Amino acid sequence: MTLSTAPVPLPVDPPSGCPFDPPAEFGVLRAERPISKVALPNGSWAWLITRYADIRAVLGDTRFSSDTTVHGYPLSGMTGGPSTQNRGFIRRDPPEHTRLRRMVTREFMVKRVEALRPEIQRITDELCDAMERTEGREQGGVDLVEALALPVPSLVISVLLGVPYDDHEIFQRLTGKLLSRTIADDEREAARIELRDYLDRLVTAKEADPGDDILGRLIVEQQRTGEITHDQVAAFASLLLVAGHETTANMIGLSALTLMRDTAAAERLRQDPGLIRGAVEELLRFHSIIRNGPRRVATADIEIGGHLIRAGEGVVVAVASGNRDESVFADADRLDVRRPNAQHHLAFGYGIHQCLGQALARVELQVVIGTLLRRFPTLRPAVPIEEIPFRSDMAIYGCHALPVTW
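This report concerns the structure included in the present document. Note that the structure is predicted; figures quoted are calculated from it, not measured.

1. Digging into the pairing of strand β9 (residues 314-317)
Argument step 1. Burial along β9 is two-sided: Gly314 and Val316 facing one way and Val315 and Val317 facing the other are all buried.
Argument step 2. Bridge count for strand β3 (residues 45-49) against β9 is three bridges, and the pairing is parallel. The residue bridging Leu48 from the neighbouring strand is Val316, located in β9.
Argument step 3. As paired elements, strand β6 (residues 295-298) and β9 share three bridges and run antiparallel to each other. The partner of Arg296 across the bridge, within β9, is Val315.

Okay, structure coming up:
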């Protein structure tokens, strides 16, 4: 059957009550209208999918397109306009998506990422050493986002891509604008152009001296053989650079704050570090920093959960809602670092577009969380939780800043 009710606003307001919880509307929608029409900021509408099983069905069905140029795709300011230029492979469908993704898949395979663990540990230890040397932490606290959560993934992805870390402030500033829900469209477009120009210059420099890194290998093995163009290398750089630090940085901040508040869970992990891998999966499920996404458009009439979604209709998948689905995760609103099925979360998506860098994110989170628990057993927020600036204004949820002391 089809639904004909009027679109309701997309749940994007700051969470009420516990700042770790997604919008309360998700729970109501899962129970009463799991597939519902929502109004989008540009005046169009899309189907909002809120139940776990339906989300997997959408993300696992290639008849739902990720291509922003397909008519009906539910565009947002963060996805940009329907241009065919410089779309990363996540905005493409098979076979082009498959061909492009395969070019970098090996770079993020579990075995290769595990080999990076000692380097990630070294980076984390050096940043923690610097935290320990910080003066005045008792007065205003140390910003854990600035001191650790952002630098770890930024340093790691810079090394992997061959991007000068001295430029990290450039791409962090521009990424912040691209992911903001509140800035004007012209300012976001200016940031997109500035990032494109920066990456264009970077790729041009690496074409002369490729280096032993992801971008260098793409240039030597793919660009020089005619498989991809200069602009496509830059598109790879943009995708991996943005995705490689923003998501993990915000998960580090939220995870640290969660464990500072749940002292029993923190002590359990401190006493049994073997639980940290599973705890990371549970933290990924619990937080789901992408609140309203990913997005798709149907390319055929498709029935999902007993409802007909017609060709050309857009879909917004609420991963944060699926990860709190009580039919899959018992007592879903409670953090349980021993949850037996936490690894079945949807934080990295599902299907052919599942996050390419998930193995890297897991290792970074395991290392940073384990190190914080070991080295700062008395770590605590330096301000009341009401004073912590949460990223309700951003496409990726987290903390703008997290003052801590110990």
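2. A word on the sheet that holds strand β4 (residues 64-65)
Argument step 1. Strand order in the open sheet formed by six strands is β1-β2-β3-β9-β6-β4, and the pairing between neighbours is mixed. Each edge of the sheet is formed by a strand with only one pairing partner; in this case those strands are β1 (8-9) and β4.

3. Structural notes on the layout of surface pockets
Argument step 1. Within this model, the second largest pocket holds a volume of roughly 240 Å³.
Argument step 2. The wall of the second largest pocket is formed by 14 residues, among which Val145, Leu150, Glu246, Arg391 and His400 lie closest to the centre.
Argument step 3. For the lining of the second largest pocket, the secondary structure elements donating two or more residues are α7 (144-149), α9 (168-179) and α12 (230-261).
Argument step 4. In terms of residues, the lining of the second largest pocket owes the most to one element, α12, which gives three residues.

4. What to know about helix α3 (residues 96-105)
Argument step 1. Along α3, the residues classified as buried are His97, Leu100, Arg101, Met103 and Val104. Burial along α3 is one-sided: seen end-on, the buried residues are contained in an arc of 145°.
Argument step 2. Where α3 is buried, its residues meet α11 (214-223) and α12.

5. Here we look at the packing of helix α8 (residues 151-161) against α12
Argument step 1. The contact between α8 and α12 brings their axes to 8 Å, and the two run at 155°. The pairing of α8 with α12 is recorded here as roughly antiparallel in orientation. Seen from above, α8 lies across α12 with right-handed handedness. Contacts between α8 and α12 involve Pro153, Ser154, Ile157 and Leu161 from the former and Ala237, Leu240, Leu241, Gly244, His245, Thr248, Ala249 and Ile252 from the latter.

The rules behind these values
- Residues numbered from 1 in each chain as written.
- Predicted model: local features only at pLDDT ≥ 70, side-chain atom pairs only at ≥ 80, totals over all residues.
- Heavy atoms only, no water.
- Buried < 20%, exposed > 50% of the residue type's maximum accessible area, 1.4 Å probe, protein only.
- Helix = DSSP H or I, 4+ residues; strand = E, 2+ residues; numbered from the N terminus.
- Pairing = 2+ DSSP bridges.
- 1 Å grid on protein atoms, 1.4 Å probe; cavity = no way out; pocket = protein on both sides within 12 Å on 5 of 7 lines; lining within 4 Å.
- Points joined across faces, edges and corners; volume = space filled by probe spheres on them.
- Arc of directions from axis to C-beta.
- Contact = heavy atoms within 4.5 Å.
- Axes fitted to C-alpha atoms, helices over the stretch in contact; angles between N-to-C directions.
- Parallel < 35°, antiparallel > 145°, perpendicular 65-115°, else oblique.
- Left-handed = near helix turned anticlockwise from the far one by under 90°.

Coordinates in, geometry out; function isn't part of it.
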